[in-house]
Amino acid sequence: MLSRCSIRVFLISIISIIASFIPTYPVNAEEALIPFEKFVLDNGLTLIVHEDHKAPIVAVNIWYHVGSRNESPGKTGYAHLFEHLMFQGSENSGGEYLELLEKAGATDLNGTTWFDRTNYYQTVPVNALDRVLFLESDRMGHLLGAIDQAVLDEQRGVVQNEKRQGENQPYSKIWESLLRQVFPVGHPYSWETIGAMEDLEAASLEDMQTWFKTYYGPNNAVLVVAGDIEAKEVLSRVEKYFGDIPAGPPLSSIEEWIPLHTSERRELIQDRVPQERLYISWASPKWGTTEAHHLEIARAILASGKNSRLYERLVYRDQIATDISISGYAFEISGIEIIEASLKKNKDIREAERIIREEIKRLVDDGPTSIELKRIKNLARAAFIRGIERIGGPGSKSAVLAENMVFSKDPSRYQKRQEDIANATKKDIQKVLAKWLSRPPYVADIVPYPEFKTTQERINRDEVPATSSPDAAIFPSIQQDTLSNGLKLLVVNRPTIPDVKFNLIFNAGYSSDKLEKSGLASITMAMLDEGTNKLNTLEISEKLDLLGAQFSAGVGLDTANLSIAALNENLDESLKLFSEIILNPSFPIKELERLRTQYLTFIQQEKVTPISMALRLLPGMLYGNQHPYSQPLTGSGSEKSIGALKQKDLQNWHKTWLKPNNATLVVVGNISFEDIKERVEKVFRNWQSEPTPEINIPIVNAKNNDFLYLIDKPGAEQSIIMAGQLINPVNNPNETAIQVMNDVLGGQFSSRINMNLRENKNWSYGARSLIWSTRGQRPFIMYAPVQTDKTAPALAEMFREISEIRDENPPNENELKRIKLSRTLSLPGRWETNSAVIGAVSELITYQLPLDYWDSFAKNINNLNISQVSEAAAKTLKPKELVWVVIGDKERVDKEIRNIGFEKIKLIDAEGLSIN
């Protein structure tokens, strides 16, 4: 007997191949090959009867309109598991279903589950019809009393072993990946019908009872009886056995969901298989559509039989593959097309893919020949005719009637399929292929997993090997000069790859914005590549791509920067474009309005995202609302300020700050100092110096803080705790000790705060402290997302950690040793790429550090002693000055926070305005 419900009929079942060729030539109603009578019982059961008196047998085929697409993530495999339960006997059957039918001489006895339906079928001698109808009706109306925990556990084990058996087959790994990549997360076809192992394990008896009550009512079923019977007699018997079964609940379902992918997805999968195999897959039209029927012809022309184009090309002529096939499945709300090619040993899988795409394109461009069309239509017609010789089983008369009734409410809908196939033209095939198989596909390579071996020699693993003394990390030398127009030039020659990176840094960032124009610096810099006097935004983008160049703009509190990466062979043209963007931006109003909308959207998102919400508000709390650093640390400004900006504002900011005497150009790459200086002088010769304003960053005298800010986020399962205070600027004599102190407290994964809240107490996914670098006083920030019920104790722990590191529990020698090793041994890796080097040099300019800073960095770290780090903690951290912000569910955290000592709580909104 066939496996009761083999989900992996995807490509291996001959029945699926036959079923995919149901189309026939057009026929009139009176010429229908499967005449029938249709009845609907009062309880909603649809009965279809077909009389076929060639033999004294009768087929009973019942389809329930439920499959794996009625499941949900976390509850997969239910449809298939329940199909198993349906064979265990019902309340009045007196035994298991299969045994009772086998004793009656049943053939074609089986059941299957698929994405959109579950069916049960059997063919028996006519004299056993009453037995079949009794048993089918008994399990529809009287099943649950026979299903207990023992039966569920038994069949759960059977299904799990079926899953293991399927997954143990070569190439089986493809199906989970393929479905997930063709159908997006949440799509009901994105998981296998057999389900996930953990979901099967978790399925309860109550789950199965709910499944049955929901989907196994007569109103969700189609019953087909075909054979040596009379329709009216069958109706009488069906009413007798099924008429007293009540209808199930009303149901709803998605009618169409065909994914549209805009990019290719590629995957490499290792498996213990003998040869490489290529899979290419697309989403395709749903069941019953003319396009789905036309795709059947296209598939057959490409890969059905030895005369097909891909078989002739890949297997016969080029002998790259041992086999090639295309399978297509038109499901109820979407379809899927799958090309599968097995490669001969040592053949190029990319060459096979190229040929497949080439042949598809050739069929799109030239269309099929008349001989190909005739051959495929005749094969399809023959397959259908031979399938419906039988009254029962897959592809039979009863199956065709049931399928068409379930999916279209019309048992004769199969005739449309016949007509579509018979009437298909050359242009139809070209059109359907161009539409569906020209879209970006999912491509997977399954490659043989190598046979690895171990050495016989065993090593001593009692001790972890010590590391030897590393070579000193040497930062590359920096050459500098000032050009004739006042532009400072710093160059690092690194002859590694033929690429040169430029970073132009201006002494103006968010802090240059007036408070009523907050966000102006950010949006001005973002607008520079949106159009110039000569080029629009699309032309700029195209020129960059043609040159192989990459452009970006950025803004911080103190500086703004423009960067371009250029290939050596296109250096002059790239620099010319770079200067065009810098010197001649047009700030087109159309693009400004587009960016304005984006910024307003960003701000709205920031105001509902806890971390960014805090980063918007904390600067004003630390510096005061009139300070240049009081703007949101995100740089996005406010809705009011962004909404009020005019084109003239951007033009004025550009004119004021983007001057050569207010800038430093950092260059890193495969070029000499003399060469790049000459090129830069030439390209920026018309860029003139002008005086620029001074940005005054006043010193803030912090005061003790005795209250906490609370932002209510009703229903939040997490609270965000953030605390901040002001500390010295980056350029200070104790900076190395301050950085190491912060690493001990919260700057690294193994820091005190993170190990406490994440690893020891499991209250948070990660807790950290950081120092926001600025030229002036800068924010020291601690933050931790914690589960809501641990908000108050987490606050207490964070306050304890920052207090104790100053006095009771200062940094120790083990912590200092770990951080010294971490910071110094990582330097070669940190400085590996040109991007890393230009970032390190730019850091010196941004924070006004000496150019030899990195030369002595490792030495300064290694020379630190524990007293210096402890002193940095004691002098830098001021627990009483910390400004605390909590974003969480006020109803659940307010009382607990007050109980640990934060009695003064100020309730504020996302704008920072008091609301209590």
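Computed from a prediction, not measured in an experiment: that's the story for all the values here.

Draft legend 1. Examining the overall build of the chain more closely. The number of helices and strands found in the chain is 34 helices and 23 strands. Along the first, second and third principal axes, the C-alpha set of the chain runs to 100 × 70 × 70 Å. Taken across its 916 residues, the chain has 53% of its residues classed as buried. Sequence-distant contacts, at least 24 apart, represent 81% of the contacts inside the chain between residues at least 6 apart. Accessible surface for the chain amounts to roughly 41,600 Å². Of this, 50% is attributable to carbon and sulfur atoms. The centroid of the 104 positive side-chain charges in the chain is displaced by 4 Å from the centroid of its 120 negative side-chain charges.

Draft legend 2. Region of interest: the layout of surface pockets. In this model, the second largest pocket occupies a volume close to 1,000 Å³. Looking at the second largest pocket, it is lined by 37 residues, and the ones nearest its centre are Leu-617, Gly-620, Met-621, Asn-625 and Ser-630. Secondary-structure elements contributing two or more residues to the lining of the second largest pocket are helix H22 (610–623), helix H23 (639–644) and strand E19 (718–727). Partitioned by chemical class, the residues of the lining of the second largest pocket number 16 nonpolar, 13 polar and eight charged.

Draft legend 3. Expanded view of the pattern of salt bridges. According to the stated counting rule, one finds 59 salt bridges in the structure shown. Between Glu-256 and Lys-286 there is a salt bridge whose closest N-O contact spans 3.6 Å. Of the two residues, Glu-256 sits in the loop between helix H10 (231–242) and strand E7 (265–271) while Lys-286 sits in the loop between strand E8 (277–284) and helix H11 (290–303), which places them 30 residues apart along the sequence. Among the salt bridges present, the one from Glu-359 reaches Arg-362, with a minimum N-O distance of 2.8 Å. A residue pair is termed a helical-turn pair when its members lie 3 or 4 positions apart in one helix, as Glu-359 and Arg-362 do in helix H13 (residues 349–366) at three residues. Salt bridges here are not isolated pairs; linked through shared partners, they connect Arg-313, Asp-318, Glu-351, Arg-354, Glu-358, Glu-359 and Arg-362.

Draft legend 4. How the structure looks around the nonpolar core. Counting residues in each nonpolar core, the largest one holds 74 residues, and the members touching the most others are Phe-502, Leu-504, Leu-562, Phe-578, Trp-653 and Ile-676. With seven residues, the single largest contributor to this core is H22. In terms of nonpolar packing, the next biggest core, distinct from the first, is built from 61 residues, Met-741, Met-782, Val-786 and Ile-897 among them.

Draft legend 5. Inspection of the side chain of Gln-725 at higher detail. Relative to the assigned elements, Gln-725 resides in strand E19. Exposure remark for Gln-725: the relative accessible area of 1% places this residue in the buried category. Within polar-contact distance, the side chain of Gln-725 engages the backbone oxygen of Thr-876 at 2.9 Å. In this structure, Gln-725 is in contact with Leu-622, Arg-778, Pro-779, Phe-780, Thr-876, Leu-877, Lys-878, Glu-881 and Leu-882, ignoring residues within four places of it in sequence.

Draft legend 6. View of the packing of helix H20 (residues 571–583) against helix H25 (residues 673–683). Between H20 and H25, the least distance of the axes is 10 Å, while the angle of their chain directions is 40°. One element, H20, and the other, H25, form an angle in the oblique class. In this structure, H20 meets H25 at a crossing whose hand is right-handed. For the pair H20 and H25, the contacting residues are Leu-571, Asp-572, Leu-575, Lys-576 and Ser-579 in the first and Ile-676, Arg-679 and Val-683 in the second.

Draft legend 7. Molecular detail of the sheet that holds strand E3 (residues 57–64). Taken in spatial order, the six strands line up as E1-E2-E6-E3-E5-E4 in an open sheet, and their pairing is mixed. Every interior strand has two partners, whereas the edge strands, strand E1 (37–40) and strand E4 (107–113), have only one. Adjacent strand axes in the sheet meet at a mean angle of 15°, parallel and antiparallel pairs treated alike. Note that E3 and strand E6 (residues 221–227) share seven bridges and pair antiparallel. Of the residues in E6, the one forming a bridge with Ile-62 is Leu-223. Of the strands in this sheet, E4 and strand E5 (118–125) are in contact with helix H3 (residues 78–85), which crosses E4 at around 150°.

What counts, and where the lines are drawn
The residue numbering used here restarts from 1 in each chain and proceeds along that chain's sequence as written. Reporting in this predicted model follows two pLDDT cut-offs: at least 70 for local features of residues, and 80 or more for side-chain atom pairs to be given and counted; totals over whole chains, interfaces and linings ignore these cut-offs and use all residues. Calculation of side-chain values draws on the structure's entire complement of heavy atoms; hydrogens and water are dropped beforehand. Numbering goes from the N terminus for both helices and strands, where a helix is a DSSP run of H or I of at least four residues and a strand is a run of E of at least two. With a 1.4 Å probe rolled over the protein chains alone, any residue whose accessible area is under 20% of its type maximum counts as buried; one over 50% counts as exposed, and the rest are partly exposed. Working rule for contacts: check all heavy atoms of both residues, and any pair within 4.5 Å makes them a contact. The accessible surface values rely on the Shrake-Rupley method and a 1.4 Å probe; as for residues, cover is taken only from the protein chains in view. In this count, Lys and Arg are taken as positive residues and Asp and Glu as negative ones, while His and the chain termini are left out. To locate a charge, take atom NZ for lysine, CZ for arginine, CG for aspartate or CD for glutamate. Any residue with an atom within 4 Å of a point lines the site, the site being either a cavity, points on a 1 Å grid over the protein atoms alone where a 1.4 Å probe fits but cannot get out, or a pocket, an open set with protein on both sides within 12 Å along at least 5 of 7 lines. Grid points are joined across faces, edges and corners, and a volume is the space filled by probe spheres set on the points. Amino acids are sorted into nonpolar (Ala, Val, Leu, Ile, Met, Phe, Trp, Tyr, Cys and Pro), charged (Asp, Glu, Lys and Arg) and polar (every other residue, Gly among them). Any Lys or Arg side-chain nitrogen found within 4 Å of a carboxyl oxygen on Asp or Glu counts as a salt bridge. For our purposes a nonpolar core is just a set of buried Ala, Val, Leu, Ile, Met, Phe, Trp, Tyr and Cys residues, chained together by side-chain atoms within 4.5 Å. Any pair of N or O atoms that falls within 3.5 Å is considered a polar contact. Within protein, one atom must be able to donate a hydrogen and the other to accept it, and sequence-neighbouring residues count only if both atoms are side-chain atoms. Only the contacting stretch of a helix is used when fitting its axis, a line to C-alpha atoms as for every element, and angles between N-to-C directions run 0 to 180 degrees. Any angle from 65 to 115 degrees is called roughly perpendicular, while one under 35 is roughly parallel, one over 145 is roughly antiparallel, and all others are oblique. If you view the pair so one helix is near and one far, a crossing is left-handed when the near helix is turned anticlockwise from the far one by less than a right angle, and right-handed when it is turned clockwise. Two strands make a pair as long as DSSP finds a minimum of two bridges between them.

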